[in-house]
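Residue-level listing of the chains:
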Amino acid sequence: MKESITKKIFNALNERFQLDNLISFLKHKSVPKYRNTIWYYFGGISLLLFIVQVTTGILLIMYYKGSEDLAYESIKFINTKVSFGWLIRSIHSWSANLMILAIFIHMFSVYFLKAFRKPRELTWYTGVILLFLSMGFGFSGYLLPWDELAFFATKVGTDIAGQLPLVGDFLLKLLRGGEDVTGATLSRFFGLHVALLPGIFVVFLTMHLIVIQRQGMSEPEEWKNKKESEKETIPFFPNFAVHDLLIWLIVINILAILATFFPWELGPKADAFASAPVGIKPEWYFLFMFQTLKYIPAKVWFIEGELLGIFTFGLAGLLWVLVPFWDSKTPKGKKNKIINYVGIFVISFIIIFTIIGYLLD
Amino acid sequence: MYKYFISLIISLLIINFSSAKTKKNFIPNASQQTVNECLTCHFDNEDGNGEPAHLFKKDIHFNKGITCAGCHGGDPTKDDMDEAMDKNKGYIGVPSKAERYKVCIKCHSDSKKMKSFGSNIPTDQFEKLKGSIHFTKSINASTPIADCITCHSVHNIASVKDPRSTVYPTKIPKLCKSCHSNASFMKQYNPSLSIDQYEKYRTSVHGKQNAKGDINVAECASCHGNHDILSVKNSKSPVYPSNVPQLCSTCHSDKNLMDKYKLPHDQYENYKNSVHGNALFVKQDLSAPACNDCHGNHGAVPPGLESITNVCGTCHAFNAELFAKSPHKKAFDKLNYPECITCHSNHKILHATDQLLGVGKDSKCIQCHKNNTNDKGYLIAGEMKSLFDSLKIADSVSTELLKDASLKGMDISEAEYSIKQIKQILIQARTITHLADIKEFKDKLDEGFVITNKTKQAALDAIDEYYFRRYGLGIATIIITFLVIVLYLKTKKFEKKK
Amino acid sequence: MVEKEKKEGKKSRRDFLNILLSGGFIAWLGAVIYPLISYLRPPQIEVVKVNSVNIGKVTNMEKDSGKIIKFGNDPVIVIRLADGEYRAFSASCTHLDCIVQYRQDYGQIYCACHNGRYDLHGRNISGPPPAPLAKYEIAIKNDEVTVYKPSV
């Protein structure tokens, strides 16, 4: 019998790399099928959006110039003169926002489904680090167009970093590359955005994906007492994978639609001596913190209000990251209502303060 | 009957005692025959007719019965020197240059006193003089530059209406010249002020007529004022730039006066409605030309027919230069046409519209050029206008398209910037019209057409891009939707399999 | 019998679906790759057409010397011979586009990249250059030297 070409290639690779083990492992990969299966897609969506970011990012670097005098003009050039430049740029900006949104949804769904519990603590830790890294991507990337909004958002953001006691001043100078936001800041943020953060991100992403493959999909808590035959699952290949592909295609289409009908704006060029524009605020994923800080009184007790705010958020963030640590009930199989309440509180807080931030222009 | 006689004496006495008698100066009233013993000595002691006492006999004050004491004080009835020139009787001798004007104003600023001498002349001369530039202190810081006596002289003062008066209209130019054409004198006060006004004046129509004895034409005081002369830079001066047209029109809009010289009297009306008048009066632009800028001020004379281009060209330099090089210059001069004025008028210069060019009914070209085979000018004029109009149309087409593209959200900032140059090109083309050369005109407009073509293309490209994006998206969506459906069917297959 | 037909029917339907899938995938790939390639192609930058360049006074250049000037976007070599005559050629070597130079010691135009040589009429006389240098026109008016584009 004549072998097909694909079969020939597979055999050749198999002889050298023992792909059979890999194939059988993949064949057994499965996803639990129940009412919450839909949340299992969001990890993949986050991954897709990261791939989109890397692709469009590399394309943008072909034309972007990262110096104070040229950055703004190069973005304008991409938007107007480069063939499909408008598409690549708008997709990059929209996808950045959608990626962080997807990561938030992914994180909260993991939280409520308690997938962080033993043995998956490391997955959770690497995941939260990936979230912080993506917010770092968002913050550094936002400055690169060097327009008015970018300049002032960076100014305010780095100012807040400078508020920290002891390390604040050092941190501010480190971020800004000087006392003020200048071309030096742009160079640093550019290096951060295209070299340092991608490197670190890939490391943690690899860790995150490896441990997931090793440990398989997390099963719902209620299945703890079920027999293997009673657990309804979908094989990852090809069923779940095809669904995944379907959703990915739709997400790509959504990105193209957003880029065409809601192209990303480019404001006036940054001017260090212009007044801060009315209604200046950070991107939505920072907005709830920014808005909360506005409401804290200037001095609480003997502590400066802003400092208290930063510390509170820092502490809350730390507790959130360490949830596998302090959730003692779930590993024992008990329902931990506190986790749910805390989660609902956090989500509501974020949503409410984000909305307030937009309404109170 | 004697009742009448008594009332006469009583009235005489009343008139006598009702006159303003000061203790110091014995200033008689008009009806008194006054005794002037001063002249007894002073007349005899003088050598000739130029001396005060000799001169005083011809003085108007003398004729009105005012004695030497009227200005110098003292007692004119006494012929003894000590008694007459008695300080206690108010004798002040020759008043100092700084103070002598006070002698004049004692009567001349007092309307009652003036009336008592039967005089109706105004009594505000000193008030006016006080605020004038002549009354500022001279370089010695004590005396005024000019006072009453500087111009009216002394001892032989005649009425202004008397040709013998130093300030009779025909005498005034020479009077003013005596200081104002004296370089070393003027240098002490205003070195940058010119000193050739008199010379220029004598070349003007006003000056020539004045020299002939015509007192109806303007002389120095007619424009600058007599007592209240202000600096030209003072906005209250009648010769301040924005006041000049009204000043000239006081005579030049007077029909009766102008008819005598066979001159028109509508210039001021016309000027007021012109662009120059509008600039000067409404926009308060002091650099706008008034009568003197084209006609000259001291040497006022309308420019000769062949020099009109140069006069207009002092401001409208480029147009003048082009016109002088054009075929129109020779033709106009030969036909005695007044150059610029032929198309633009002289006083009623209105905003030049684009309709002036071409062969339309409002154009100036058709006033000479006719539609026949010999007249190349007619064809050129028509061609110029149609080219000009096509550029304007191309500009508006491009602008509309660019607006459409920008409303669609496309970035056309570069094209928007270039199209602004069209306005400049149209302005330059309007100027080049004066050269009356079709090639230069076409070259300039061609620059504009290059821009309108480029910007129109940019706008069309932007609009095409807008639609391309949406069609492209549509195609991509169709492909993806198709794939999604096929994949979905595939998944159904897998599920069935299971 | 019926079962075999059913199976075959199912198979052909499956094949048909697969064909559609592959077709759709290829179309999708095209819809992604076309913009990508288009994006990577550099956009056209407007080039201002230059027809002549004035290089200054006759006495500016020494006799028996050469210099490179910018003619729009192209390099042009101007040489002044020992007898004072001016000549100009394209300075892009016809071999691999290096910029040539005038060598006083050779009395020739020389390309340093691969030892190509041209004579003072621009003809390639030694080394790899396969063709002569394009000739540019020289005009001298009022003591000013101007280089013109070659008449094609």
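**Student:** Break down the sheet that holds strand S7 (residues 116-118) of chain C for me, citing the residues and quoting the values.
**Tutor:** Residues and elements named next belong to chain C. Strands sit in the order S5-S6-S7-S8 across an open sheet of four strands; the sheet is antiparallel. In this open sheet, the two strands that pair with only one neighbour each are strand S5 (101-103) and strand S8 (124-126). Neighbour-to-neighbour, the strand axes of this sheet turn through a mean angle of 40 degrees, independent of strand direction.

**Student:** I'd like a rundown of the interface of chain C and chain B, residues and numbers included.
**Tutor:** Across the contact, 12 residues belong to chain C and 11 residues belong to chain B. Together chain C and chain B conceal approximately 1,100 Å² of surface at their shared face, both sides included; 77% is due to carbon and sulfur atoms. Ranking the residues of chain C by area buried against chain B places Leu17(C), Leu21(C) and Trp28(C) at the top, with a combined share of 44%. Counting the contacts that link chain C with chain B gives zero salt bridges. At the surface where chain C touches chain B, the tally comes to one residue pair in polar contact (both at pLDDT 80 or more). Grouping the constituent residues of the side of chain C that touches chain B by class yields seven nonpolar, two polar and three charged.

**Student:** Give me the packing of aromatic side chains: which residues, what numbers.
**Tutor:** Taken as a whole and assessed by the stated rule, the structure comprises 48 aromatic pairs over all chains. Look at Phe236(A) and Phe237(A): their rings are 5.1 Å apart centre to centre, the planes differ by 75 degrees, and that puts the pair in the edge-to-face class. Centre to centre, the rings of Phe345(A) and Phe349(A) are 6.0 Å apart; their planes meet at 40 degrees, and the pair counts as tilted. Taken as a pair, Phe345(A) and Phe349(A) lie in helix H14 (residues 337-359) at a separation of four residues, close to a single helical turn. Residue class for Phe349(A) comes out partly exposed when judged on its relative accessible area of 22%. Three or more aromatic residues joined by ring pairs make a cluster, and in this case those are Phe104(A), Phe108(A), Tyr111(A), Phe112(A), Phe116(A), Trp124(A), Phe139(A), Phe189(A), Trp284(A), Tyr285(A), Phe286(A) and Trp320(A). Over the ring of Tyr466(B) we find Lys408(B), and its NZ or CZ is 5.5 Å from the ring centre.

**Student:** Tell me what's going on with the packing of helix H11 (residues 284-295) of chain A against helix H12 (residues 305-321) of chain A, and back it up with residues and numbers.
**Tutor:** All names here are of chain A. At a minimum axis separation of 9 Å, H11 and H12 run at an interaxial angle of 145 degrees. Where H11 crosses over H12, the two elements pack in a sense that is right-handed. Here H11 contributes Phe288, Met289, Thr292 and Leu293 to the contact with H12, which in turn contributes Glu306, Gly309, Ile310 and Phe313.

**Student:** Please set out the interface of chain B and chain A residue by residue, giving values where relevant.
**Tutor:** Counting from both sides, the interface comprises 18 residues of chain B and, opposite them, 22 residues of chain A. Together chain B and chain A conceal approximately 1,800 Å² of surface at their shared face, both sides included; 71% is due to carbon and sulfur atoms. The interface formed by chain B and chain A includes one salt bridge. The salt bridge partner of Lys81(A) is Glu414(B), with a shortest N-O separation of 2.7 Å. Put simply, chain B and chain A have three residue pairs in polar contact (both at pLDDT 80 or more) between them. For the side of chain B that touches chain A, the secondary-structure elements that each account for two or more residues are helix H26 (413-419) and helix H28 (438-497) of chain B. No other element matches H28(B), which puts 14 residues into the side of chain B that touches chain A. In terms of residue class, the side of chain B that touches chain A is built from eight nonpolar, three polar and seven charged.

Cut-offs and rules
- Residues numbered from 1 in each chain as written.
- Chains lettered and ligands numbered in written order.
- Predicted model: local features only at pLDDT ≥ 70, side-chain atom pairs only at ≥ 80, totals over all residues.
- Heavy atoms only, no water.
- Pairing = 2+ DSSP bridges.
- Helix = DSSP H or I, 4+ residues; strand = E, 2+ residues; numbered from the N terminus.
- Axes fitted to C-alpha atoms, helices over the stretch in contact; angles between N-to-C directions.
- Contact = heavy atoms within 4.5 Å.
- Buried area = accessible area lost by both parts, 1.4 Å probe.
- Salt bridge = Lys/Arg side-chain N within 4 Å of Asp/Glu carboxyl O.
- Polar contact = N/O pair within 3.5 Å; in protein donor to acceptor, adjacent residues only side chain to side chain.
- Nonpolar A, V, L, I, M, F, W, Y, C, P; charged D, E, K, R; others polar.
- Phe/Tyr/Trp six-rings, centres within 6.5 Å; stacked < 30°, edge-to-face > 60°.
- Buried < 20%, exposed > 50% of the residue type's maximum accessible area, 1.4 Å probe, protein only.
- Lys NZ or Arg CZ within 6 Å of the ring centre and 35° of its normal.
- Left-handed = near helix turned anticlockwise from the far one by under 90°.

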